[in-house]
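Structural characterization, general
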Amino acid sequence: MYAKYIKRPLDFILAFCGLMVLGIPLLILMFLVLLDIGFPVIFVQERIGKDEKPFNLYKLRSMKTAFDKYGVPLPDAQRITPLGRIIRSCSLDELPSLVNILKGDMSIVGPRPLPSNYLPWFKEEERIRHTVRGGLTGLAQVHGRNTASWEKRFRYDAEYAANISFLRDVKIVMKTMKVVLKRSDIGVRGEDTPVDFHVYRSGLSERELLELKNTKEREKCVKNC
């Protein structure tokens, strides 16, 4: 009953109220990001949504844009700014995602939506996480946040997707507030978190994956021509 009829309307109401209350602070943060990094102040990335339909996720930028000579983004540790560290440690970069909740792309609580280029690397049993809307926070986020292994995150995601309830969502939100206030298990890629999922699961480096993608695109172009 809750998952089918109540969760989505409740998400909409909470996201709307959140934007009304946090609208001015969000505008101030956007101005600070503009001074710190420049345009654009909103980071947009295609993520895997419910039923594996892609959508554009909105977040405040916390890192500068910088690539190596092969076109691969430099590690987060080299791109994140001091302001960006503060924003991420307090999860303030997630505020624009309230718009995604209003649109129906996401929920307050659910498995964290991951980049679309991760999709080919999921095992079949792990894809249950995509049968529900992704969330701002989730069961995995209160059990390790960004520092947990991929297998551990997916176990928690699968457990949540199979057992959604109002009481569990309330407990996850309360635990999330505690984790954020303690600023625990934040992690920064390139420092103390697992490597990106597609790199981890493929066994290839980011550069090798980029070269593979470029090769496939060239082959597709030649074939179509």
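For clarity, every value in this text was computed on a predicted model and none was experimentally measured. (Residues numbered from 1 in each chain as written. Predicted model: local features only at pLDDT ≥ 70, side-chain atom pairs only at ≥ 80, totals over all residues. Heavy atoms only, no water.)

**A short note on the nonpolar core**
A general feature of soluble globular proteins is that nonpolar side chains tend to end up buried together. If you look at the biggest cluster of nonpolar residues, it comprises 13 residues, and the most contacted ones within it are Leu98, Ile101, Met106, Val109, Tyr160 and Ile172. Those elements giving two or more residues to this core turn out to be helix H1 (2–36), strand S2 (54–60), helix H4 (97–103) and strand S3 (106–109). Here the element with the most residues in this core is S3; it accounts for three residues. The residues touching Val109, leaving out its near neighbours within four places in the chain, are Lys7, Arg133, Gly135, Thr137, Gly138, Tyr160, Asp169, Ile172 and Val173. The next biggest cluster of nonpolar side chains, apart from the first, holds eight residues, and it includes Leu26, Val41, Leu60 and Ile87. (Core = buried A, V, L, I, M, F, W, Y, C linked by side-chain atoms within 4.5 Å. Buried < 20%, exposed > 50% of the residue type's maximum accessible area, 1.4 Å probe, protein only. Helix = DSSP H or I, 4+ residues; strand = E, 2+ residues; numbered from the N terminus. Contact = heavy atoms within 4.5 Å.)

**Points about the packing of H1 against helix H3 (residues 82–89)**
The interhelical angle for the contact between H1 and H3, taken along N-to-C directions, is 150°, at an axis separation of 10 Å. The angle between H1 and H3 falls in the class roughly antiparallel. Between H1, through Leu29, Leu32, Val33 and Asp36, and H3, the contact on the second element is made entirely by Leu83, Gly84 and Ile87. Of the residues belonging to the contact of H1 with H3, the class tally is five nonpolar, one polar and one charged. (Axes fitted to C-alpha atoms, helices over the stretch in contact; angles between N-to-C directions. Parallel < 35°, antiparallel > 145°, perpendicular 65-115°, else oblique. Nonpolar A, V, L, I, M, F, W, Y, C, P; charged D, E, K, R; others polar.)

**Overview of the packing of aromatic side chains**
Applying the stated rule across the entire model yields eight aromatic pairs. For the ring pair Phe122 and Phe197, a centre distance of 4.9 Å and an interplane angle of 40° mean the geometry is tilted. On the criterion of sequence distance, the pair formed by Phe122 in the loop between S3 and strand S4 (134–137) and Phe197 in helix H7 (residues 197–202) is long-range, its members being 75 residues apart. Exposure remark for Phe122: the relative accessible area of 7% places this residue in the buried category. Looking at Phe197, the relative accessible area reads 0%, which means it is buried. Their ring planes at 35° and their centres at 5.8 Å tell us that Trp150 and Phe154 sit as a pair that is tilted. Here Trp150 and its partner Phe154 are both found in helix H5 (residues 150–162), four residues apart, which amounts to about one turn of the helix. There is no split in this pair, since Trp150 and Phe154 are both buried. Lying over the aromatic face of Trp150, Arg153 brings its terminal NZ or CZ to 4.2 Å of the ring centre. (Phe/Tyr/Trp six-rings, centres within 6.5 Å; stacked < 30°, edge-to-face > 60°. Lys NZ or Arg CZ within 6 Å of the ring centre and 35° of its normal.)

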